[in-house]
Every structure is written in structure tokens, then in C-alpha cells.
Amino acid sequence: MSRSFGVYWRHGKIVLREQGIRALLGLIVRRWQRITGRYHPGFYDFRYAQWRERILASHVEPHLPVQPRFSIVVPIYNVDKRWLDATIDSVCSQSYEHWQLCLINDGSTQVHIKSTIDRHADADSRIVVRHHSTNKGIAASSSLGLSVSDGEYIIFLDHDDLLASDALWHLASTINDHPDADLIYSDEDKIDIRGNYCQPFFKPNFSPELLLSQNYFGHLVAYRHDLIQGIGGFRSEYDGAQDYDLVLRATSAAKHIVHIPKVLYHWRQIPGSTAMVYGEKDYAWTAGQKALQTHLNDNHAGAEAKKGTLPGTYRVDYPLVDTPSVSVIIPFRDKPELLDRCLTALYKKTDWHSLEVIGIDNRSQVPAIEKIKQQWESKGVGARFAEYDQAFNFSAICNFGVNMARGDYVVLLNNDVEIVSARWIESLLGLAKQESVGAVGAILRYPDNQVQHAGIVTGITGHAGHPFKGFDKNQIGYFGRLEIDSNVSAVTGALMMVSKQKYLAVGGLDQDRFSVALNDVDFCLRLMKAGYRNVVTAKCQAIHHESASRGSDSDPSRRARYLEEVETFKQVWKTELEQGDPYYNSNLTLESEDYTLRW
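The rules behind each value
Residues numbered from 1 in each chain as written. Predicted model: local features only at pLDDT ≥ 70, side-chain atom pairs only at ≥ 80, totals over all residues. Heavy atoms only, no water. Helix = DSSP H or I, 4+ residues; strand = E, 2+ residues; numbered from the N terminus. Contact = heavy atoms within 4.5 Å. Areas by Shrake-Rupley, 256 points an atom, 1.4 Å probe, with all protein chains shown as cover. Phe/Tyr/Trp six-rings, centres within 6.5 Å; stacked < 30°, edge-to-face > 60°. Buried < 20%, exposed > 50% of the residue type's maximum accessible area, 1.4 Å probe, protein only. Pairing = 2+ DSSP bridges. Right-handed = clockwise from strand over helix to strand, strands pointing away. Lys, Arg positive; Asp, Glu negative; His and termini not counted. Salt bridge = Lys/Arg side-chain N within 4 Å of Asp/Glu carboxyl O. Polar contact = N/O pair within 3.5 Å; in protein donor to acceptor, adjacent residues only side chain to side chain. Arc of directions from axis to C-beta. Core = buried A, V, L, I, M, F, W, Y, C linked by side-chain atoms within 4.5 Å. pLDDT = per-residue confidence, 0-100. Axes fitted to C-alpha atoms, helices over the stretch in contact; angles between N-to-C directions. Parallel < 35°, antiparallel > 145°, perpendicular 65-115°, else oblique. Left-handed = near helix turned anticlockwise from the far one by under 90°. Nonpolar A, V, L, I, M, F, W, Y, C, P; charged D, E, K, R; others polar.

Draft legend 1. Structural context of the overall build of the protein chain. Tallying secondary structure elements over the protein chain gives 18 helices and 25 strands in all. Counted over contacts in the protein chain with a minimum sequence separation of 6, partners at least 24 positions apart contribute 76%. Put simply, the protein chain shows about 25,300 Å² of open surface, and 50% of that area lies on carbon and sulfur atoms.

Here is the structure:
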């Protein structure tokens, strides 16, 4: 192997450089994933430990002109003394000193609780202690802590978890950069019973649809004091998911939400904790569903909150009382077997009555295609066909189809896609009907059930990539992302729904600069620039025989065109590529599509 890979021969021995070890481990991890269909946590956490050491070694803390005061509220009930001491010490040892620690003893029956927190309070005047005579629940205890807090921002810390040593400094630094921030949240990881840091959760910027699918905010979250007071604080009826209830209301009221892409909170894995296994606290899942339903009642009349396929996740079903019309646009050329399979699957899985299907024939030469068109037109199911007698230009063909569509919403559908989900239109339409949502996409899989598309991340491989590509059907994706709704920068034009009005408002697909490649990404980014969010939903799934109808962009005859459009994309969206994808995380790799660490 080459010296640049970090593995080379010296004096009759094989020598591994540090980067070579990492590279080999990466190969082992990817091969393990491909063979078993799942991550091997031991390998991943070993890499995270090495990555974490490097990040910590590079940290510096310059002086901050503005030094806000933080109140950290800790509800306490019958926790092991060693964990409680460690939690309190993680606050007292903060590199940033402008804080208040509010320790609320919620009627603990273990005798060491009172003496432990009183001892800490005697040692530091910044610690405030209150004791409940009986157990009143975490929401009531948090409310008491809130009532005695005097900080400009409020943080809630579980009684056995840890703050990173520089957590408050990073929050203060963010407030210096964003003085109008109402709500700030960070990345997090877990700490096991042996003290090993593991399972980092690198989060996206504010993602409303993801928040309706899971409480991805988790920890660390800092609320502006007057924001919490304005929304009424905690509500005891949501004990177990009081944090989810609070963040749902807070995000609705907040004007400026900021994400810090750094691990500032360590969630302890001990028996009985949701950090260990969510099933340990099934009541929390039920309470979360209740909190979500209340939020939907207030903000999305008629929407229903259901438990998701994974513990701690949720599914939102939106009402479709007005039955808007939908037009499905299918570009094709020849390949009658693909077109017939596509239409057969579409109608088999579709119950939506206000539907038209428009096939756009781009200079087909095969006689059998006419027979297929006649057969489907004669069925009386709303299928019709139009001729696009120009050179192949995917963007122009789609725009041609949309302009002739009668529907309120349009679906771009490749002729090499087979719908497999029942009620797929309802799943896409419920999201596409939301005023602030632009394009909605699906999970697409190859015929062997490996993931082909689950949203698009800008910046991967230098322009755009498909996260989770190649993941097995048994893999749930990064923190369940393949099982839920989530915001993404773009979705593939192979299966995309969007309001016709929004499609036309941003100019449709760019047929001048992106005739074949990256037109869907460019279109979705223009939707984002216009103020809309794009969503990918796991409720709609399909099989994609990728490029079966026109060949691959790796074909030599098409390569030059593809590379030209890639370079154009990089120029058009240069600023956005430099800033990074808001729904990804700067700690994750841009070299591959597997959500692994960025080195």
C-alpha cells in the first residue's frame, strides 16, 4: 500500500501510521455494515474516542465581551450519590463562571440526597437548594427551580448527567454572536457506566418536521428566561415528556433558534435511563405522543399524532378534507416494460380519486410503446400522454408536463420507479399542503432493498450526495432517520411532490443550466431560498431501477455533460456549499454517504 495511506514497509516490518489505522478501521466498519446490515458500536465508539481527543485538544476560550448568566435547574430524586456528585461537579468546574445552580430535591427518600446537596451549597454561594417534602414529579420540581432562578438563560440538567467542561462558555460565545437568540441547543453524546463516551448525536439546524418525529433537541438546551415564562413553563400532565412539551411550545414562540454543532452534554447510560434503552420508560413515549397531539391541536387542526415504528419516534397524519387534485408527470422514452410496470404499481397503490397521470413521451422509437399508451388511455383511469419532440432535456420535459397539468399539486415520477407504499399520495400530500413546506420526497430503494435515496445532502463529494446510500433494509439510519419524517436540503426528482403554484413561482427546473444532472437539487435549493422547507418521509417508499431508462451518468458518452453541470452547480451555489448543509452537521463526513465522523 502507498505511504499516503499510512501503511508502508520499513526495515522488514509493516508500519501503520495513525491515519492508516483510521482508514483501515473505516474499511472494516463499512464492510461490517454491508455484511451484517448494522453498525458495530465498538468500532464506531473507538473512533469517536479518538476523534473526541483531537477536538478537545484544539479548543481555546478567548474573552467574551458579553457575559450572560445561566441558571442550571436540576430536579433530584433518589439518585446514586456518585452520579449526583459528578453532575454537580460538572457545573462547578465550568470554565465559564457566570452561573447559578438550582438543586431541587423532589422528596427523595434516600438519606444521602439532602446532605449531599446541602454540602455542595455550603461550598459555593452560586448554588441554591430547595427541598420538597413529598415527591411532586419532575415538572413540578423543574417549575420550582425556574421560580428561584435569576439567570438570563435557563438550562435543565438531569441529576445523573454531565455538562461538558466548556458548555457554558460555548453558550455564552453563541449569545455574543447571536444576541437575539431565544433558544440554543447543542449536540450530545452518552457516557456509559465505565466512563466511556459513546454514541454521539450530531444534530441538524432547526428542523421542524424532524422535531415532530422525535425530540431531537434532547440536551443541551438553553432557553431565554422570558421565553419560558411567556409560554407558561412546565405542565405536570406531561411528566415523562415534559421536556418535549416545553420545546414544542418554545420553538413555536421563539423568533431565533441557534444550534451549536458541538457535544456539550453527556447523557449517562445507567439501568432505568432512557439513555440506556428507551423501552425502560415507555410511559415517556406515551407522554410524548400526548404532548405532540396537544401541539398539533394548537398549530395543525385535525392532525393526529401516532407512535412511530421506533421507540421515542412519532408519526403525524395530516387531514386532507378538501381533496386537492394531483397530477403525476412521468417522462419516458421507449422502454415499454418500465412504463407499464411504473403505471401498474402506481394505480395499484393509489386510492386518491382526484388524480391525473401525464406521460411525456420524448421521441420514443419502439413500436410497443404505442400499444402501452393506448392500453392505459383506454382504461379510463385518468392516464393521458403528450409528445415532447425535442432533444432529451429532463428539466424541460418536466416543465412541459407541469405546465399542462391540471392538478393543484404535481408529482415528478421517473418511469423506472415502482411505488410500494399504500396511501403514498396521502403521505406526500399531507406534508406538501403545509404552507411552509416546498418539495416532499420519499425513501427510494434499489431492487435488492438497499437504500438509494433518503434525501440529499449538499457538499457531500463536493456537490451533493445521498446519505444512507447502500444501507440495508434492516438499518434504521442515523438515529432512526430512515423511519421518520425529516427536513433535508433536497429530494430527488425521481419521486417528488410539490405545489404547482410553488413549482412555478421559483421557475421550475432549470432547463438551461441543468438539463439532466442536479436539476432537482438546484430546484430544491431555490425553494429553500424562497423560504420553504423540503422534507423526506419514510411513509412513502418505492423501488428505483436507477437510470434504467436512459443509462448512467458514468457512461463515457454522458460523462462530459455531467461534469459540466456539476461545475455549474458548484458555481451557482458556491456560498451555500461553503456554509454547509443546514440539515447535516459539520462534524460528519463529506467524503462518503454513511453519516460517519468527519476527520
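Draft legend 2. Just the packing of aromatic side chains, in detail. Within the structure shown, the criterion is met by 23 aromatic pairs. Consider the rings of Tyr478 and Phe479, whose centres lie 4.9 Å apart with planes at 80 degrees: the pair is edge-to-face. For Tyr478, a relative accessible area of 5% corresponds to the buried category. By relative accessible area, Phe479 is classed as partly exposed at 30%.

Draft legend 3. Expanded view of the pairing of strand 15 (residues 355-361). By the criterion of burial, strand 15 is predominantly enclosed, with seven of the seven residues buried. Because side chains alternate across strand 15, one face comprises the buried residues Leu355, Val357, Gly359 and Asp361, and the other comprises Glu356, Ile358 and Ile360, equally buried. Relative to strand 15, strand 14 (residues 326-332) runs parallel, the two sharing seven bridges. Paired with Ile330 across the two strands is Gly359, which belongs to strand 15.

Draft legend 4. Main features of the pairing of strand 16 (residues 383-387). Note that strand 15 and strand 16 share five bridges and pair parallel. Bridge pairing links Val357 to Ala383 in strand 16. For the crossover that starts at strand 15, traverses helix 12 (residues 368-378) and ends in the parallel strand 16, the hand is right-handed.

Draft legend 5. Focus on unusual backbone geometry. Of the consecutive residues His219 and Leu220, the connecting peptide bond is found in the cis state with omega at -10 degrees. Tracing the chain through its elements places Leu220 in the loop between helix 7 (208-211) and strand 10 (221-224). The residue Thr323 is not glycine, and still its phi comes out positive at about 40 degrees. Mapping Thr323 onto the fold places it in the loop between strand 13 (314-317) and strand 14.

Draft legend 6. Structural view of the side chain of Arg481. On the secondary structure map, Arg481 appears in the loop between strand 22 (464-465) and strand 23 (486-488). Despite its burial, Arg481 pairs with no opposite charge; the closest candidate is Asp581, at 8.9 Å N-O. A polar side-chain atom of Arg481 sits 3.5 Å from a polar atom in the side chain of Tyr595. Non-local contacts of Arg481, meaning those with residues more than four positions away in its chain, are made with Phe201, Pro204, Leu210, Phe468, Ile476, Ser486 and Tyr595.

Draft legend 7. Examining helix 5 (residues 138-148) more closely. When helix 5 is considered as a whole, its buried residues turn out to be Ala139, Ser141, Ser142, Gly145, Leu146 and Val148. Tucked inside the fold, the buried residues of helix 5 contact strand 3 (70-76), strand 4 (99-106), strand 5 (127-132), strand 6 (153-156), helix 8 (225-231) and helix 9 (242-253).

Draft legend 8. Structural context of helix 12. Residues Ile369, Ile372, Lys373 and Trp376 constitute the buried set of helix 12. Angularly, the buried residues of helix 12 cover 100 degrees about the axis, an arc narrow enough to put them on a single face. Across from the buried face of helix 12, at angles greater than 90 degrees, the exposed residues are Lys371, Gln374 and Ser378. Elements that come into contact with the buried residues of helix 12 comprise strand 14, helix 11 (336-348), strand 15 and strand 16.

Draft legend 9. Local environment of the environment of Asn135. If you trace the backbone, Asn135 turns up in the loop between strand 5 and helix 5. Considered as a pair, Asn135 and Thr109 are 26 residues apart in the sequence and their alpha carbons are 9.0 Å apart. Setting aside its immediate chain neighbours within four residues, Asn135 contacts Tyr77, Asp106 and Gly107. Of the polar contacts made by the side chain of Asn135, one reaches the side chain of Asp106; its length is 2.8 Å.

Draft legend 10. Examining the nonpolar core more closely. Formed by 134 residues in total, the largest nonpolar core has its most connected members in Val326, Val328, Leu413, Trp424 and Leu495. Excluding anything up to four places from it in sequence, Val326 contacts Trp352, Ser354, Leu355, Glu356, Gly407, Tyr409, Val411, Ile425, Leu429 and Met497. If you look at the next biggest cluster of nonpolar residues, it comprises 40 residues, including Ile113, Ala164, Leu171 and Val258.

Draft legend 11. Main features of the confidence of the model for the protein chain. Of the residues in the protein chain, 88% reach a pLDDT of 70 or more, and the chain-wide mean stands at 90. Within the model, the stretch residues 1-19 combines pLDDT values under 50 with 29 contacts to residues more than four positions away or in other chains. Residue range residues 34-43 is modelled with pLDDT below 50. Its contacts to residues more than four positions away, or to other chains, number 18 contacts.

Draft legend 12. Structural context of the pattern of salt bridges. Scanning all chains against the criterion turns up 27 salt bridges. We note a salt bridge from Asp389 to Arg363, for which the minimum N-O separation is 3.0 Å. Of the two residues, Asp389 sits in the loop between strand 16 and helix 13 (394-404) while Arg363 sits in the loop between strand 15 and helix 12, which places them 26 residues apart along the sequence. Judged by relative accessible area, Asp389 falls into the exposed class, the value being 54%. Each of Asp361, Glu370, Lys373 and Glu387 takes part in one network of salt bridges that share partners.

Draft legend 13. Region of the structure containing the side chain of Glu426. Mapping Glu426 onto the fold places it in helix 14 (residues 424-432). Judged by relative accessible area, Glu426 falls into the buried class, the value being 13%. Not counting residues within four places of it along the chain, the set of residues in contact with Glu426 comprises Leu320, Asp351 and Trp352.

Draft legend 14. Summary view of the packing of helix 9 against helix 10 (residues 282-299). Two elements in contact, helix 9 and helix 10, have axes whose closest approach is 9 Å; the angle formed by their N-to-C orientations is 20 degrees. The orientation of helix 9 relative to helix 10 falls into the category roughly parallel. As helix 9 packs across helix 10, the resulting crossing turns out to be right-handed. Each of Tyr244, Asp245, Leu248 and Ser252 in helix 9 lies in contact with helix 10, whose residues at this interface are Gly288, Ala291, Leu292, His295 and Asn299. Tallied by class, the residues present in the contact of helix 9 with helix 10 amount to four nonpolar, four polar and one charged.

Draft legend 15. Main features of the packing of helix 3 (residues 81-92) against helix 4 (residues 112-123). Where helix 3 contacts helix 4, the two axes come as close as 11 Å, and the packing angle between them is 20 degrees. As judged from the angle between their axes, helix 3 and helix 4 are roughly parallel. In the packing of helix 3 onto helix 4, the handedness of the crossing is right-handed. Residues Lys81, Leu84, Asp85, Ile88 and Asp89 of helix 3 touch helix 4, and the partners they reach there are His112, Ile113, Thr116, Ile117, Arg119 and His120. Here the contact of helix 3 with helix 4 is composed, by residue class, of four nonpolar, three polar and four charged.

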